[in-house]
Amino acid sequence: MSGATPSTARRAVRAVGLVLLLALLLAVPALLDSAYWLDLAVMVLVWAALASAWNISAGYAGGLSLGHAAFFGVGAYTAVLLFNELGVSPWLGMLVGAVLAGLLGALLGVITFRLKGPFFVLATLAFGFVVHILAVNWRGLTRGAAGLTLPFDGGPQNMLFADLSTYWYVGLGLVALVLGVSLWIERSRLGYYLVALREDEDAARSLGVRVVGCKVIAAAISAALTAVAGTFYATFIQYIDPASTTQFELSVQIALVAIVGGMGTALGPLLGAVIVIPLGEVLRASLGGGPALAVYGLLLVVIVLTAPNGLIAGLRRVGRRVGVATGVVR
Amino acid sequence: MLGIEHVTVDFDGLRAVDDVSFEVAEGQVVGLIGPNGAGKTTLFNVVSGLVIPTRGRVRLAGEDVARLGPAERSRRGLGRTFQVVKPFGGLSVLDNVVVGALTRGQRVGEARETAAGILTRLGLERFATTTARSLPLALRKRLEVARALSTGARLLLLDEIMGGLNPTEVNETLDLLESLRAEGLTFLVIEHNMHAIMRVAEHVVVINQGVRIAEGTPEEVTQHPEVVAAYLGEPHESA
Amino acid sequence: MDLTLQILTSGLLLGGLYALLAVGLTLIFGVLRVVNFAHAEFMMLGMFGAYWLWALWGIDPYLSIFIVVPGVFLLGVLTDRLVIQRSIGAPEVTVVFATLGVSIFLQNAALTAWSADIRSVTTPYGSAVVELGSVRISVPMLVSFVVALAFATGLWLFLNRTMFGKAIQAVAQNRDAAALMGIDVGRVYLVTYSVAVAAAGAMGVLIAPLFSVYPRVGLSYIVTVFVIVVLGGLGSVVGAVIAALLVGVIESVVGFLLGTAWAELAYFLVFLAVLVVRPQGLLGRRGAEVYQ
């Protein structure tokens, strides 16, 4: 096969595929006629964004954080508090939350950049717990476990939409944002540095790669994007409390989704969300909360032992075989 | 260009380097030789910033670099290879070199061009898209050198880049060294291959058990009684 | 003065309890280089073991301990073979999330099997108190404390005075060298892991008469135990004991002064501070945890 044909054919197939995918995504609200499923679909988007954001810290920068729910909470609470107390639109609140979370993430990065493996994990765990305890106990600010409600006040300018489908489209935008940032990082100088640091930190440093700077920037970006997802979640559900935003279980689930899908890749976390969230919902509905989580735990163990690169690696292999079989790939 | 002043390194009671001092002038090729375990790689680690000496100072172009980590020293023109090669295994050969080029401040596109140029210079252009971890040892060693060059380093620490190479490969590497030296680069080379040292180094420092026991031209040093004693049993041939 | 002494004593006793968990966790890390996130779940299983043997057949925990602990030991063997040993040497994400997955699984399997109902074991000595001078000491706490210290001492003796104990230390220091010297590393891992979680199970049985039994109970302990283990230095048994007693006292004191929630916050911050400033803790080996 000459060089020209497969490449053009491959590009054509990819273009058609993308167009179809886009059409499908835009048509989702029409395809899912029940509010229950559309609701779930929007949550899939939230988790896709969360897992993708986490991946920037854990997959690209190698920092396995088990405290990311903290940033989710910061995004959610900042937007809600600014809206409830000061009438600031959640769109602006989202930016403020992102900046706050980014700074917090950077701080965490500075504190933890030298820690290896389980020590880093434990530090982020402690950090997550600190934020959670603050959320529960600083009642003056957060109303504690009672939570905060976001009144349905005003419309689109306050990120509050009467129509559920609009949340779907905004959610798509959110995922597109995080995906875009991920892809940009992959191709950028930061991306190269992060991979080098992951592969061999001493060698990378000897080439002039500044460890702290890279890890801190990645941590800040990851935190900020997580917070953006938090704001979106707050305006979607219109009720937040520490249990739904800063709890440890959330941090674990974020990691689980990304790992199952495929850490270190831009699309892996998205795949993870598409598979894990509906699966969890189905399990929860049919078996109950406990058994569903038990399955989650088992899934985590199995994936991590047998396919630590996530399902996307397997999917890529299948895709490649199909490509070779159909002559599209050499 | 490089000044090592009374460097001593203690590891939990083991003295790996004991009051070693010497200099490398700009444009020189200096050999650092000594039996295994003599402390040569530790000295490299001190110079490149991976190990903090218990005592002593390192000067790069006159500047005391004690406060600078490896990354900062690299950006001041210091490059090194590792004795046990450390490629970025999952990256392509080209990308390995791009990383270093990026630290020069070049944009990604520019850096890729610079890297491609370096690969061609070292005869690695055929392997540009090969994954680094699938390279055989000789090519990995060459990749180490390519990477060290990618940062635009003016002073290069080469740690046994000829270990495990066959005579043809050794000669190719020596030719490369000489052409780089002609461009004004400075080298400090750890090497066990005496033939190579004789051919390319104008000055040699000998370390044994952490102590500098001799220094001079290759001829002077190889006749030095202490050096001969340290290497007892090690055959060498002069050019 | 009486109050201070009382608080200190309660703190020390609490510390003894933590010690039983901490010693096991630190040993697992020191030898297998794995942070056993599922550690507290084995304690939970010990608690439930004691509960069911008491609820169904009226066996007192201080007797059923001889049944439950071997049971937990066997569970440890199973977990080690199926999960832990497969994760050693694997990429970091595997090592961390394998035990985390086991933790989630065990918690929720227990939840599924036994529901979230909070249960308790009532024993004649459950609320018995003994008076030493001006201090009142809960009998079960005292018993647990004694058992914990006996275990820690026994473990120390085992590690330092027996061949197998020395083999364990060898593996902890340099696995490859130990293997080259003919030590069966797999067996060392197996015994270490199983004994450590069995100790956790033992703790569960001992506190069953005192505290509520429910599937998520591990969560209340695991983070404290992490703090202790890091404070004492991962891998150091002596460090773990000292740190456990220290944390027990701190928790008791701060809890009394500020209330539990703020106490928790306080020692998370201490934990973070330790990780940043002196990650090897009091007695740990520097190098395992930080990039130079």
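From a predicted model like this one, the values you see are computed outputs, not experimental measurements. (Residues numbered from 1 in each chain as written. Chains lettered and ligands numbered in written order. Predicted model: local features only at pLDDT ≥ 70, side-chain atom pairs only at ≥ 80, totals over all residues.)

## A closer look at the overall build of chain C
Working step 1: Looking only at helices and strands, chain C features eleven helices and two strands.
Working step 2: Taken from N to C terminus, the helices and strands of chain C fall in the order α-α-α-α-β-β-α-α-α-α-α-α-α.
Working step 3: Taking 292 residues into account, the globule formula puts the C-alpha radius of gyration at 19 Å, and chain C, at 19 Å, falls close to it.
Working step 4: In terms of overall dimensions, chain C has a C-alpha envelope of 55 × 45 × 35 Å along the principal axes.
Working step 5: Across the 292 residues of chain C, 54% fall into the buried class. (Helix = DSSP H or I, 4+ residues; strand = E, 2+ residues; numbered from the N terminus. Rg over C-alpha atoms; globule rule 2.2 N^0.38 Å. Buried ≥ 20, exposed ≤ 12 C-beta atoms within 10 Å, placed from the backbone.)

## A word on the interface of chain A and chain B
Working step 1: On the chain B side, the residues contacting the 18 residues of chain A number 23 residues.
Working step 2: Of all the elements, helix α8 (residues 189–199) of chain A adds the most residues to the side of chain A that touches chain B, at six residues.
Working step 3: Looking at the side of chain A that touches chain B, its residues break down into eight nonpolar, three polar and seven charged. (Contact = placed C-beta atoms within 7 Å. Nonpolar A, V, L, I, M, F, W, Y, C, P; charged D, E, K, R; others polar.)

## Comments concerning helix α5 (residues 139–161) of chain C
All names here are of chain C.
Working step 1: Counted at 1.5 Å a residue, the expected span for α5 with its 23 residues is 33 Å, and the 32 Å between its end C-alpha atoms agrees.
Working step 2: Listed in full, the buried residues belonging to α5 are P140, M141, S144, F145, V147, A148, F151, A152 and L155.
Working step 3: Its buried side turned inward, α5 meets α1 (2–32), β2 (135–138), α8 (185–207) and α10 (237–258). (Expected span 1.5 Å × (residues − 1).)

## Things to note about the arrangement of the chains
Working step 1: By contact count, the dominant pairing among the two pairs of chains in contact is that of chains A and C.
Working step 2: The smallest C-alpha distance separating chain B from chain C is 7 Å, and no contact links them.

## Some remarks on the interface of chain A and chain C
Working step 1: In this assembly, 34 residues from chain A lie in contact with 37 residues from chain C.
Working step 2: Broken down by element, the residue count for the side of chain A that touches chain C peaks at twelve residues, all from helix α5 (residues 117–137) of chain A.
Working step 3: Counted by class, the side of chain A that touches chain C contains 27 nonpolar, four polar and three charged residues.

## Describing the sheet that holds strand β5 (residues 63–64) of chain B
Residues and elements named next belong to chain B.
Working step 1: Strands sit in the order β2-β1-β4-β5 across an open sheet of four strands; the sheet is antiparallel. Looking at which strands have only one partner, the edges of the open sheet turn out to be β2 (14–24) and β5.
Working step 2: In this structure, strand β4 (residues 55–60) lies alongside β5, joined through two bridges in antiparallel fashion. Bridge pairing in β5 places L60 opposite E63.
Working step 3: Lying over the sheet, helix α1 (residues 40–48) contacts β1 (2–11), β2 and β4, oriented at roughly 115° with respect to β1. (Pairing = 2+ DSSP bridges. Axes fitted to C-alpha atoms, helices over the stretch in contact; angles between N-to-C directions.)

## Structural notes on the environment of A:L271
Working step 1: Its place among the elements puts A:L271 in helix α13 (residues 268–287).
Working step 2: Residue contacts for A:L271: discarding those within four places in its chain leaves A:G261, A:G262, A:L311, A:I312 and A:L315.

## Here we look at the pairing of strand β7 (residues 155–159) of chain B
Residue and element names in this part refer to chain B.
Working step 1: Of all five residues in β7, five are buried; the element is thus mostly enclosed.
Working step 2: The two faces of β7 match: L155, L157 and D159 on one face and L156 and L158 on the other face are all buried.
Working step 3: Bridge count between strand β6 (residues 78–80) and β7: three bridges; the pairing is parallel. When the sheet's bridge partners are listed, G79 is paired in β7 with L156.
Working step 4: Direction of pairing for β7 relative to strand β8 (residues 186–190): parallel, over a ladder of five bridges. Bridging from a neighbouring strand, L156 pairs with F187 of β8.

## A short note on the domain arrangement of chain A
Many analyses report the size of an interface as the accessible area lost when the parts associate.
Working step 1: The assigned domain composition of chain A is domain 1 (1–31) and domain 2 (34–248).
Working step 2: If you average the C-alpha positions of domain 1 of chain A and of domain 2 of chain A, the two centres end up 31 Å apart. (Domains from an automatic or database assignment.)

## Topic: the sheet that holds strand β3 (residues 29–33) of chain B
Strand-to-strand pairing in sheets goes through backbone hydrogen bonds, with the strands running parallel or antiparallel.
All names here are of chain B.
Working step 1: Spatial strand order, β6-β7-β8-β3-β9-β10: six strands in an open sheet with mixed pairing. Looking at the sheet topology across the chains shown, the edges are occupied by β6 and β10 (211–216). Sheet twist, expressed as the average angle between the axes of neighbouring strands with direction ignored, equals 15°.
Working step 2: As paired elements, β3 and β8 share four bridges and run parallel to each other. Along β8, the bridge assignment pairs V30 with L188.
Working step 3: Running at roughly 150° to β7, α1 makes contact with β3, β6, β7, β8 and β9 (203–208) of the sheet.

## Side note on the packing of helix α14 (residues 289–306) of chain A against helix α4 (residues 92–114) of chain C
Working step 1: Two elements in contact, α14(A) and α4(C), have axes whose closest approach is 7 Å; the angle formed by their N-to-C orientations is 155°. With respect to α4(C), the element α14(A) is oriented roughly antiparallel. In this structure, the crossing between α14(A) and α4(C) has a hand that is left-handed.
Working step 2: Split into classes, the residues belonging to the contact of α14(A) with α4(C) amount to 18 nonpolar, six polar and no charged. (Parallel < 35°, antiparallel > 145°, perpendicular 65-115°, else oblique. Left-handed = near helix turned anticlockwise from the far one by under 90°.)

## Concerning the confidence of the model for chain C
Regions with low pLDDT carry predicted coordinates that are not meant to be interpreted in detail.
Residues and elements named next belong to chain C.
Working step 1: Chain-level pLDDT for chain C is 86 on average; 96% of the residues reach the 70-or-more range.
Working step 2: Taken element by element, chain C is modelled with least confidence in helix α11 (residues 260–277), mean pLDDT 79, and with most confidence in helix α2 (residues 39–57), mean pLDDT 93.
Working step 3: The model gives residues 287–292 a pLDDT under 50, and that stretch makes 14 contacts with residues more than four places away or in other chains. (pLDDT = per-residue confidence, 0-100.)

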